[in-house]
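Chain by chain, the residues run as shown.
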Amino acid sequence: MKKMAIIHTSAVSLQDLTALCQEIMPEVEIINIIDDSLLAEVKRNTGITPAVISRMCRYVQSAESLGVDLIFNQCSSVGEAFAIASRCTAIPTLRVDEPMAEKAVSLGTRIGVIATVASTVKPSCDLIRTTAQRLGKEVVVQEYLAAEALDILMKEKDVDKHNQIVLAMIRRAAAENDVVVLAQGSMITLLPYLNEMPAPVLTSPRLGIERAWAMLQEKG
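Residues numbered from 1 in each chain as written. Predicted model: local features only at pLDDT ≥ 70, side-chain atom pairs only at ≥ 80, totals over all residues. Heavy atoms only, no water.

**Student:** Looking at this model, I keep getting lost on the pattern of salt bridges. Mind explaining?
**Tutor:** Pairing is possible between side chains that carry opposite charge, provided their charged atoms lie close to one another. One pass over the full model with this rule turns up ten salt bridges. Note that Glu102 and Arg134 form a salt bridge whose closest N and O atoms lie 3.0 Å from each other. Of the two residues, Glu102 sits in helix α5 (residues 98-107) while Arg134 sits in helix α6 (residues 118-134), which places them 32 residues apart along the sequence. Exposure remark for Arg134: the relative accessible area of 53% places this residue in the exposed category. Three or more residues are tied together by salt bridges with common partners; here these are Glu80, Lys122, Asp126 and Arg129. (Salt bridge = Lys/Arg side-chain N within 4 Å of Asp/Glu carboxyl O. Helix = DSSP H or I, 4+ residues; strand = E, 2+ residues; numbered from the N terminus. Buried < 20%, exposed > 50% of the residue type's maximum accessible area, 1.4 Å probe, protein only.)

**Student:** When you look at the layout of surface pockets in this model, what are you seeing that I'm missing?
**Tutor:** With a probe scaled to a water molecule rolled over the atoms, the places where space remains empty come into view. The calculated volume of the largest pocket comes to roughly 820 Å³. For the largest pocket, the lining is made up of 32 residues, of which Ser10, Val12, Leu150, Gln184 and Ser186 are closest to its centre. Only α1 (12-24), α2 (37-45), α7 (147-156), α8 (159-176) and α9 (204-219) provide two or more residues apiece to the lining of the largest pocket. If you tally residues by element for the lining of the largest pocket, the top one is α1, at four residues. A class-by-class count of the residues in the lining of the largest pocket yields 14 nonpolar, 15 polar and three charged. (1 Å grid on protein atoms, 1.4 Å probe; cavity = no way out; pocket = protein on both sides within 12 Å on 5 of 7 lines; lining within 4 Å. Points joined across faces, edges and corners; volume = space filled by probe spheres on them. Nonpolar A, V, L, I, M, F, W, Y, C, P; charged D, E, K, R; others polar.)

**Student:** Explain the nonpolar core here, please?
**Tutor:** Within soluble globular proteins, side chains that are nonpolar generally end up buried alongside one another. Ile7, Met56, Val68, Ile71 and Val78 are the most contacted members of the largest nonpolar core, which totals 21 residues. At the level of elements, β1 (3-8), β2 (29-34), α2, α3 (50-65) and α4 (79-85) are the ones that each hand at least two residues to this core. By residue number, the principal contributor to this core is α3, which donates six residues. Not counting residues up to four positions away in its chain, the partners in contact with Ile71 are Ala5, Ile7, Val60, Ala63, Glu64, Phe82, Thr89, Ile91, Pro92, Thr93 and Leu94. (Core = buried A, V, L, I, M, F, W, Y, C linked by side-chain atoms within 4.5 Å. Contact = heavy atoms within 4.5 Å.)

Read these as spatial facts, not as claims about activity.
Printed below as a string of structure tokens:
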């Protein structure tokens, strides 16, 4: 049986990714590593820190010690730390938003990036730019931050109001770009409302798990 470790920065992502894994790769054993202090530290410091990188390296090495075939990073905000930690292992690794970045670059040259967490914006935009450079394509990346939506969700617990704010920003971005990416996997809950947008809107979880399954199959 193949084994994949998923490094999470929140238990919120656990349910959605578990469901996708059961749908797409039910025969793969999933090991979840959760540290919700990582995202909190990144948000406090508006970026990754040496301590975040150090912990991520330990989690990657722990996953390797468990005999996994692939190590998967769930959180875009710590993606750069995971990229550094990936150098600590010979096990294949994957950031959840890598396949989304590749698809976005393939679909257009003007790419809008939607986020509700400020710490997610830079690593998500940087990933798209480096992906475009790797693929030999010039792109323009436009940032859209709806920080007030997260405050409403966290403080007021008003999911509908949160969704309305984010959807309004998505509509604006879709009108101004060739393709829109939702920087946080948690935005997968907005999928039912995205069908009528004037441009494609991409989310990372399904694309990421589909790529992970392809990588596991390639490994034999």
